[in-house]
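# Observations on the three-dimensional arrangement
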Amino acid sequence: MKALFAQNQLDTQRPLVTESVKRAVVSTARDSWEVYFSRLFPATGSVGTGVQMLAVSHTGIKLLRVVKGSHEASGQLRVLRTYSFADILFVTIPSQNMLEFNLASEKVILFSARAHQVKTLVDDFILELKKDSDYVVAVRNFLPEDPALLAFHKGDIIHLQPLEPPRLGYSAGCVVGKKVVYLEELRCRGPDFGWRFGTIHGRVGRFPSDLVQPAAAPDFLQLPAEPGRGRAAAVAAAVASTAAAQEVGRRRGGPPLRAGSMDRGEDSLALPPYTMLEFAQKYFRDPQRRPQDGPRLKSKEGRESRTLEDMLCFTKTPLQDSLIEFSDSSLNKMATDMFLAVMRFMGDAPLKGQSELDVLCTLLKLCRDHEVMRDECYCQVVKQITDNTSTKQDSCQRGWRLLYIVAAYHSCSEVLQPHLTHFLQDVSRTPGLPFQGIAKACEQNLKKTLRFGGRLELPGSMELRAMLAGRSSKRQLFLLPGGLERHLKIKTCTVALDVVEELCAEMALTRPEAFDEYVIFVVTNRGQHVCPLSRRTYILDVASEMAQVDGGYALWFRRVLWDQPLKFDNELYVTMHYNQVLPDYLKGLFSSMPAGRPSEQQLQQVSKLAALQHRAKDHFYLPSAREAQGYIPAQLYRTEASSTWLRLLGQHRQQMQALSPHQARAQFLELQHRGCASPLHPRCQPERPQLPQHDPRPGAVSGGGCACGEPAQCPR
């Protein structure tokens, strides 16, 4: 901006004189000042992110926080993360004040009181940018065997292309229901036959139109140039039949199709379905072009099988190319770096000043930032643990540990999944094979990751040492109302839903409807922040994040919905609910105050509830006046004299002595449930979590936060 002002000799004394200069100033400010042309909304993100505001502009969204400047008393805005509209697939509002931005490779969860305004504004921008756009974004993976089709992964941006006219003497067509439809007779990008034509990473080809949706033009992305293919090859890519593609390739004198095509040559072998060898045959580089992978057999029948097996077996030398064939050279270089990291972690290559944690984090970050590389990573690890002949005794074991960790963090593609699962099941179920236990654990991690999205926080040094030593779980404390403690075994991929189900099982609750009524909360900042965890949240992610932010955090288990009827046959169930309801009862939230003095019926009910509380503490003696005052809501206790309350309590003494403490708590809940007429009762407001207002644990502090309606700020 300063350069623009100097170029046009502008200052405060010289107003703008021409429209072109005015437009240039506005355009420069819009493009160079990050949040100047943005609409700001109050918003918070997950714990530790520091997000305080959300900015929406013509280029995308920005996550902001306020930092104190050296001169500005009010502070200034710092951009934490930027997302272009080309990154955003769509925006949803799963619940009140919650925004879910579905991006190409991740989801961003924010909380804002103006969620609906944010969604409307973002939707309007995306809709406008999609108009007349020549780009689409993949909403699902498409990895066909036919090389004439365009392969891509979910989130890839595809540039639509018009069909090139065929060479003289050729026609481009598509087979639709046993009938040939000539593409020249259709509109270039029409939906008449359900296929589109486009380019990605230098490759061109057809793809189903139902696997993509319109996208804004990626202003940040430099798409590779079109590959140097002849016109005949482009025509072949537009033809549905593999035989037609073979014919075009044969006429132009090009190489024959790979064995991975639908119509394999007579030399290809029939492999068992869903094995890693079958996956290698379809998607690995052509083994005939990889002499470094091992010697070939001279027999015609065994040539391809032997080289494919070599590609899936341990090697002591680094790879020179990726296993899966990539057309993008940068991905190929990334794959070789990834394989070197695998070798270093397994001890088959020197660390060169790095720690094991550094190597592991590098590998996990590569898979996180480049989703297309995840299948390559899985294949490389499987290769190194297959027929492992390393001179390092623990090489294979460390390889399995690496596979266990990768499966906890990143999923594989839908194409690789059945092959990888078959491999793990084959190891875990075949008698006599080593590593059966960890193979089963890898399969379980992969299933969890496919369901819940995978771990987010990179493992710390302590967790890594524990996993390398074969310890994949830890004891984690969960606090129930009233200070009840439960130490549960938390595994690498345990999510909040697993904890809820385990604690519900202890209370003899087995129906999914019951699970929906309980939530895990993370409590930080000495009880000032009380935030609910999503059921998909990994517990060890929370523990790792909280260890860096607030070492004194706690995890609470509370009931937040009250649709299911109460039950009184399980002691833990009754004790937990009694401890959660009692503080709110004593605050008077469940009592409707009469205009005058309480009726005799009300006095009897309140005194009976007080007597039940006294018996729940396993006391047989008559309570003192001070004890009686603690059993009765303050606004009711003041309506009668202390002697009156003691007399009423004495009337229930004989009846109470026949009860056990468990029975006293159960009767308290039952009476409270039947006699409650207050609109503040949790059964009348199921959306408001009823958190305890008092925790008898030493040093515990009452807390508010987003879950209980208190004004404390909630970072989630």
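Description of the structure in this document. Because the structure is predicted, anything quoted here is derived from the model rather than measured.

Rules and cut-offs
Residues numbered from 1 in each chain as written. Predicted model: local features only at pLDDT ≥ 70, side-chain atom pairs only at ≥ 80, totals over all residues. Heavy atoms only, no water. Phe/Tyr/Trp six-rings, centres within 6.5 Å; stacked < 30°, edge-to-face > 60°. Helix = DSSP H or I, 4+ residues; strand = E, 2+ residues; numbered from the N terminus. Buried < 20%, exposed > 50% of the residue type's maximum accessible area, 1.4 Å probe, protein only. Lys NZ or Arg CZ within 6 Å of the ring centre and 35° of its normal. Pairing = 2+ DSSP bridges. Axes fitted to C-alpha atoms, helices over the stretch in contact; angles between N-to-C directions. Polar contact = N/O pair within 3.5 Å; in protein donor to acceptor, adjacent residues only side chain to side chain. Contact = heavy atoms within 4.5 Å. Core = buried A, V, L, I, M, F, W, Y, C linked by side-chain atoms within 4.5 Å. Expected span 1.5 Å × (residues − 1). Salt bridge = Lys/Arg side-chain N within 4 Å of Asp/Glu carboxyl O. Parallel < 35°, antiparallel > 145°, perpendicular 65-115°, else oblique. Left-handed = near helix turned anticlockwise from the far one by under 90°.

### Considerations on the packing of aromatic side chains
For the coordinates displayed, the defined rule picks out eleven aromatic pairs. Taking 5.4 Å as the distance between ring centres and 25 degrees as the angle between the ring planes, the aromatic pair formed by Phe85 and Phe125 counts as stacked. On the criterion of sequence distance, the pair formed by Phe85 in the loop between strand 4 (76–84) and strand 5 (88–92) and Phe125 in helix 3 (residues 115–130) is long-range, its members being 40 residues apart. Phe125 sits in the partly exposed class, given a relative accessible area of 25%. Arranged with centres 5.7 Å apart and planes meeting at 90 degrees, the rings of Phe152 and Phe207 form a pair that is edge-to-face. With Phe152 in the loop between strand 8 (135–138) and strand 9 (157–160) and Phe207 in strand 13 (residues 203–208), this residue pair connects regions lying 55 residues apart in the sequence. By relative accessible area, Phe152 is classed as buried at 1%. Cation over ring: Arg398 sits above Phe345, and NZ or CZ is 5.4 Å from the ring centre. The lysine or arginine in question, Lys567, covers the ring of Tyr573, its NZ or CZ lying 5.2 Å from the ring centre.

### Here we look at unusual backbone geometry
For Phe435, which is not glycine, the phi dihedral falls at a positive 65 degrees. Along the chain, Phe435 turns up in the loop between helix 12 (417–429) and helix 13 (436–452). Residue classification places Phe435 among the partly exposed residues on the basis of a relative accessible area of 28%. In this model, Asp618 sits at a positive phi of 70 degrees, which is unusual for a non-glycine residue. Note on placement: Asp618 falls in the loop between helix 19 (600–616) and helix 20 (625–631). Residue class for Asp618 comes out partly exposed when judged on its relative accessible area of 44%.

### Thoughts on the sheet that holds strand 12 (residues 195–200)
Across the sheet, which stays open at both edges, the five strands sit in the order 13-12-9-8-14 with antiparallel pairing between neighbours. Among the strands making up the open sheet, the edge pair consists of strand 13 and strand 14 (212–215). The mean angle between the axes of side-by-side strands here comes to 45 degrees, regardless of whether they run parallel or antiparallel. Sheet topology places strand 8 next to strand 14; four bridges connect them, and they run antiparallel.

### Re the side chain of Asp541
By secondary structure assignment, the location of Asp541 is in helix 17 (residues 539–549). On the basis of relative accessibility, which here comes to 6%, the residue Asp541 falls in the buried class. Engagement of the side chain of Asp541 in a polar contact is seen with the side chain of Arg455, the distance being 2.7 Å. Within polar-contact distance, the side chain of Asp541 engages the backbone nitrogen of Leu456 at 2.6 Å. Once you skip the residues sitting within four places of it in the chain, Asp541 turns out to touch Arg455, Leu456 and Glu457.

### A closer look at the sheet that holds strand 5
Reading across from one edge, 5-6-7 is the order of the three strands in this open sheet, with antiparallel pairing throughout. The open sheet has two free edges, formed respectively by strand 5 and strand 7 (107–111), since each of these has just one partner strand. Neighbour to neighbour, the strand axes of the sheet diverge by 20 degrees on average, direction disregarded.

### Some points on the nonpolar core
Phe284, Tyr378, Trp400, Ile405, Leu420 and Phe423 are the most contacted members of the largest nonpolar core, which has 66 residues in total. Those residues within four positions of Tyr378 in sequence are excluded, and the remaining contacts are Leu403, Val406, Ala407, His410, Ser411, Cys412, Leu416, Leu420 and Leu446.

### Remarks on helix 12
An ideal rise of 1.5 Å per residue puts 18 Å on 13 residues; helix 12 measures up with 18 Å between its terminal C-alpha atoms. Of all the positions in helix 12, only His419, Leu420, Thr421, Phe423, Leu424, Val427 and Ser428 are classed as buried. Residues of helix 12 that are buried make contact with helix 6 (276–283), helix 10 (374–385), helix 11 (395–409) and helix 13.

### Observations concerning the pairing of strand 13
Consecutive side chains of a regular strand alternate in pointing toward one face of the sheet and then the other. The element strand 13 is extensively covered by neighbouring structure, given that five of its six residues are classed as buried. By the bridge criterion, six bridges tie strand 12 to strand 13 in an arrangement that is antiparallel. Bridge assignment links Gly198 to a residue of strand 13, and that residue is Gly205. Between the end of strand 12 and the start of strand 13, which pair antiparallel, lie two residues, with His201 showing a positive phi angle near 50 degrees.

### Focus: the pattern of salt bridges
Following the criterion strictly, the structure yields 16 salt bridges and no others. The closest approach of N and O atoms between Lys282 and Glu278, which form a salt bridge, is 3.6 Å. Highlighted residues: Lys282 and Glu278, both in helix 6, separated by four residues, approximately one helical turn. The class of Lys282 is buried, set by a relative accessible area of 17%. Among the charged side chains, a salt-bridge network with shared partners connects Glu356, Asp394 and Arg398.

### Considerations on the packing of helix 12 against helix 13
Interhelical geometry of helix 12 versus helix 13 gives an angle of 150 degrees and a closest axis separation of 7 Å. When the axis of helix 12 is compared with that of helix 13, the two are roughly antiparallel. In this structure, helix 12 crosses over helix 13, and the sense of that crossing is left-handed. Of the residues in helix 13, those in contact with Gln417, Leu420, Thr421, Leu424, Gln425, Val427, Ser428 and Arg429 of helix 12 are Gln436, Ala439, Lys440, Cys442, Glu443, Leu446 and Leu450.

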